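# Results of the structural survey
What follows is the residue order along each chain.
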Amino acid sequence: MKIAVLGAGAWGTALAVQACGRHAVRLWARDPQQAAQMRSLRRNQRYLKDRVLPAALQVGADLDAALEHAAGGLVVIATPMAALPQMLAAVRERLPAGTPTLWLCKGLQHGSAQLAHEIAQEVWPGGPTGVLSGPSFALEVARGQPTALVAASADPAVCQRAVDAFHGDGLRVYTAGDVVGVEVGGAVKNVLAIATGIADGMLLDGADPATGLGLNARAALITRGLAEMTRFGLALGARPETFMGLSGLGDLVLTATGGLSRNRQVGLRLAQGQPLALILVELGHVAEGVHCARSVAQRAEALGVEMPITQAVVRVLEGRWSAAQALEALMGRDARPEH
């Protein structure tokens, strides 16, 4: 199969590396200098420097050439959410109408608070599109370590194309029809990972184990966060079982507790009193939870969905609450039925 991966960040590079052993893969980088460096060094020095790029992987900065390469095969959009409309429009305009296209981005669009499939409905109505998501750190995928993902689309043929492209010894690809649920899980888990990082950071920051936060608090936060995610998803039309799967509980647990999680790192450092601007500069990678927390909260409010953990994260990110104030507010809530 001919595959074009649009976006040479960590995740796009990792998926291209994983697929190029069996398929003809072309990786598109927006920055010509980055593309030239990757071709020369056979490494993605900025995002995935520990992994040598296979000789078979083509890398370039010519978008037209990348799309032409994918004609009749598969396009994978691996850009941040902000670039998704532009990438979808390019695919729609320059490739045959039946070219399956998947996106990897997780979040809500700033301003409109739209999920990716809602953007696709506006830019490319009826197009053969879908989402590839699930619990996955890019470095582990690039190394070939076992990973399971889920491809979701209203079109079963798009899901099958994702299986044909990526399912193999080190990567399992499950399929689903609940695009809304898969996208909600991928977006909200980043916000909840920041919350868990804040809680863990308060424990690590010299807290007295007898009075400070602990593993009990982490378990409660993740569990109640999953309840928030589910309420939000159901209000948007998702299926409840999706949140017990890879893109819900699976991705939440990985992102909230894994050492490679950028969103968790943001929370840890916020709890230690570091300013958000400095954290993002030193992180050097996109932490989607920072960008979509406010959008999730705004859309939840419009839907009448209660999301107290998400609201607390927004207030901490905006500097209106300290980590301690967020904890006090969450723990001070009235008792209520769990379900």
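Please read these numbers as outputs of a predicted model, since none were measured by experiment. (Residues numbered from 1 in each chain as written. Predicted model: local features only at pLDDT ≥ 70, side-chain atom pairs only at ≥ 80, totals over all residues. Heavy atoms only, no water.)

### So, the pattern of salt bridges
- As enumerated under the stated definition, the model contains 10 salt bridges in all.
- In this structure, Asp-200 engages Arg-264 in a salt bridge whose closest nitrogen and oxygen atoms are separated by 2.5 Å. Taken together, the residues Asp-200 in helix 8 (residues 179-204) and Arg-264 in helix 11 (residues 262-271) connect sequence positions 64 residues apart.
- The partner of Arg-294 in a salt bridge is Glu-318, and the shortest N-O contact between them spans 3.3 Å. Here the residue Arg-294 occupies a position in helix 13 (residues 288-303), and Glu-318 occupies one in the loop between helix 14 (308-317) and helix 15 (323-331), the gap between them amounting to 24 residues.
- Here Arg-294 falls in the partly exposed class, since its relative accessible area comes to 26%. (Salt bridge = Lys/Arg side-chain N within 4 Å of Asp/Glu carboxyl O. Helix = DSSP H or I, 4+ residues; strand = E, 2+ residues; numbered from the N terminus. Buried < 20%, exposed > 50% of the residue type's maximum accessible area, 1.4 Å probe, protein only.)

### Some remarks on the packing of helix 3 (residues 63-70) against helix 4 (residues 84-94)
- Two elements in contact, helix 3 and helix 4, have axes whose closest approach is 10 Å; the angle formed by their N-to-C orientations is 60°. With respect to each other, helix 3 and helix 4 are oriented oblique. As for the relative orientation of helix 3 and helix 4, their crossing is right-handed in sense. Across the interface between the two elements, Leu-63, Asp-64 and Leu-67 from helix 3 touch Met-87, Ala-90, Val-91 and Arg-94 from helix 4.
- Within the contact of helix 3 with helix 4, the residues separate by chemical class into 5 nonpolar, no polar and 2 charged. (Axes fitted to C-alpha atoms, helices over the stretch in contact; angles between N-to-C directions. Parallel < 35°, antiparallel > 145°, perpendicular 65-115°, else oblique. Left-handed = near helix turned anticlockwise from the far one by under 90°. Contact = heavy atoms within 4.5 Å. Nonpolar A, V, L, I, M, F, W, Y, C, P; charged D, E, K, R; others polar.)

### Comments concerning the packing of aromatic side chains
- One pass over the full model with this rule turns up 0 aromatic pairs.
- Taking NZ or CZ as reference, Arg-315 lies 4.7 Å from the ring centre of Trp-321, over its face. (Phe/Tyr/Trp six-rings, centres within 6.5 Å; stacked < 30°, edge-to-face > 60°. Lys NZ or Arg CZ within 6 Å of the ring centre and 35° of its normal.)

### A few points about the UniProt feature "active site" (unreviewed entry) in the chain
- Within the UniProt annotation, "active site" (unreviewed entry) is assigned to Lys-189.
- Summarising the element assignment, Lys-189 is placed in helix 8.
- When sequence neighbours within four positions are dropped, the list of residues in contact with Lys-189 reads Lys-106, Met-229, Asp-251, Leu-252 and Thr-255. (UniProt positions renumbered as here; feature names shortened; annotations may be inferred.)

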